[in-house]
Amino acid sequence: MTLHDTYDPTNIFAKILRGEMPAVKVYEDDTALAFMDVFPQAEGHTLVIPKDVTARNLLDMPPEKLGPYMLAVQKIAQAVAAALTPDGLVVTQFNGAPAGQTVYHLHFHIIPRNEGVPLGRHGGGMADIGELEKLAGRIRAEL
Ligand code: AMP
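Residues numbered from 1 in each chain as written. Predicted model: local features only at pLDDT ≥ 70, side-chain atom pairs only at ≥ 80, totals over all residues. Heavy atoms only, no water.

Colleague: Report on the nonpolar core, specifying residues and quantitative values.
Modeller: Of all hydrophobic cores here, the largest spans 27 residues; its most connected members are V26, M36, V48, Y69, I76 and I139. Broken down by secondary-structure element, the contributors of at least two residues to this core are β1 (25-28), β2 (32-36), α2 (63-84), β5 (108-113) and α3 (129-140). With 9 residues, the top contributor of residues to this core is α2. Leaving out residues up to four positions away in the same chain, V48 has contacts with A32, L33, A34, Y69, A72, V73, I76, L106, H107, F108 and I110. The next biggest cluster of nonpolar side chains, apart from the first, holds 7 residues, and it includes F13, I16, L33 and F35. (Core = buried A, V, L, I, M, F, W, Y, C linked by side-chain atoms within 4.5 Å. Buried < 20%, exposed > 50% of the residue type's maximum accessible area, 1.4 Å probe, protein only. Helix = DSSP H or I, 4+ residues; strand = E, 2+ residues; numbered from the N terminus. Contact = heavy atoms within 4.5 Å.)

Structure below.
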């Protein structure tokens, strides 16, 4: 998927939004859904996706929806930071496969970082769902 292709409504995140696939949810409002990344690059790796849009990436996002969505990204980043007290936090986003994107519905990654702990591989091993539920509960408690 390059920047020149079209939105595919069968992508995994669209299925999660429609309730056709499970997710370990952290937060949901009219604008955004946040859930745990099942192939986390660090403990607490959380994704935030916009609702009611067919935006593959940041460039596609309707400008009037971008502000409220970014407020949700900040809100979840603050909750992850409060819940897990990491030394740092990566907030990142990829546009198109050549840039590293693998799921083509806009999403921001929120990845806790700690001194001396290397970042896990992008698309590495699958997490234990019970552990993700516990982490999601800790993050939810800060919202
Ligand atoms: P990107 O490579 O930036 O498109 O990020 C996609 C992210 O989605 C990766 O970090 C994957 O680990 C994650 N991911 C893929 N499938 C799922 C899923 N079913 N539930 C939660 N996260 C997923």
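Next comes the rest of the write-up.
Colleague: An account of the environment of K65 is requested, with residue identities and associated values reported.
Modeller: By the element assignment, K65 lies in helix α2. On the accessibility criterion, K65 (31% relative accessible area) is partly exposed. Distance in space between the C-alpha atoms of K65 and L84 is 29 Å, their sequence separation being 19 residues. If we ignore the near neighbours within four places in the chain, the residues touching K65 are D52 and V53.

Colleague: Now, about the site of the ligand: what can you tell me, with residues and values included?
Modeller: Around the ligand, the structure places 17 residues, and the nearest of them are D37, T102, V103, H109 and H122. Separating an oxygen atom of the ligand from a backbone N or O atom of G100 is a distance of 3.3 Å. Residue H109 places a side-chain N or O atom 2.8 Å away from an oxygen atom belonging to the ligand. Protein chains bury 93% of the 500 Å² of accessible surface belonging to the ligand in isolation. Going through the elements one at a time, α1 (12-17) and β2 are the ones with two or more residues in the shell around the ligand. In terms of residue class, the shell around the ligand is built from 10 nonpolar, 6 polar and 1 charged. (Near = heavy atom within 4 Å. Polar contact = N/O pair within 3.5 Å; in protein donor to acceptor, adjacent residues only side chain to side chain. Areas by Shrake-Rupley, 256 points an atom, 1.4 Å probe, with all protein chains shown as cover. Nonpolar A, V, L, I, M, F, W, Y, C, P; charged D, E, K, R; others polar.)

Colleague: For the sheet that holds strand β4 (residues 88-92), give the residues involved together with the corresponding values.
Modeller: Here we have 5 strands laid out as an open sheet, ordered β1-β2-β3-β5-β4, and antiparallel in their pairing. Either end of the sheet is taken by a strand with one partner, and the two such strands are β1 and β4. Put simply, the sheet's adjacent strands are angled 15 degrees from each other on average, direction ignored. Bridge count between strand β3 (residues 46-50) and β5: 3 bridges; the pairing is antiparallel. Pairing of L47 across the sheet is with H109, part of β5. Each of β1, β2 and β3 is contacted by α3, which is oriented at about 35 degrees to β1, the strand it contacts most. (Pairing = 2+ DSSP bridges. Axes fitted to C-alpha atoms, helices over the stretch in contact; angles between N-to-C directions.)

Colleague: Now, about the pairing of β1: what can you tell me, with residues and values included?
Modeller: Summarising the sheet, β1 and β2 pair through 3 bridges and their orientation is antiparallel. Bridge pairing in β2 places K25 opposite F35. In this antiparallel pair of consecutive strands, β1 and β2, the connection spans 3 residues.

These results come straight from atomic positions and should not be treated as a statement about function.
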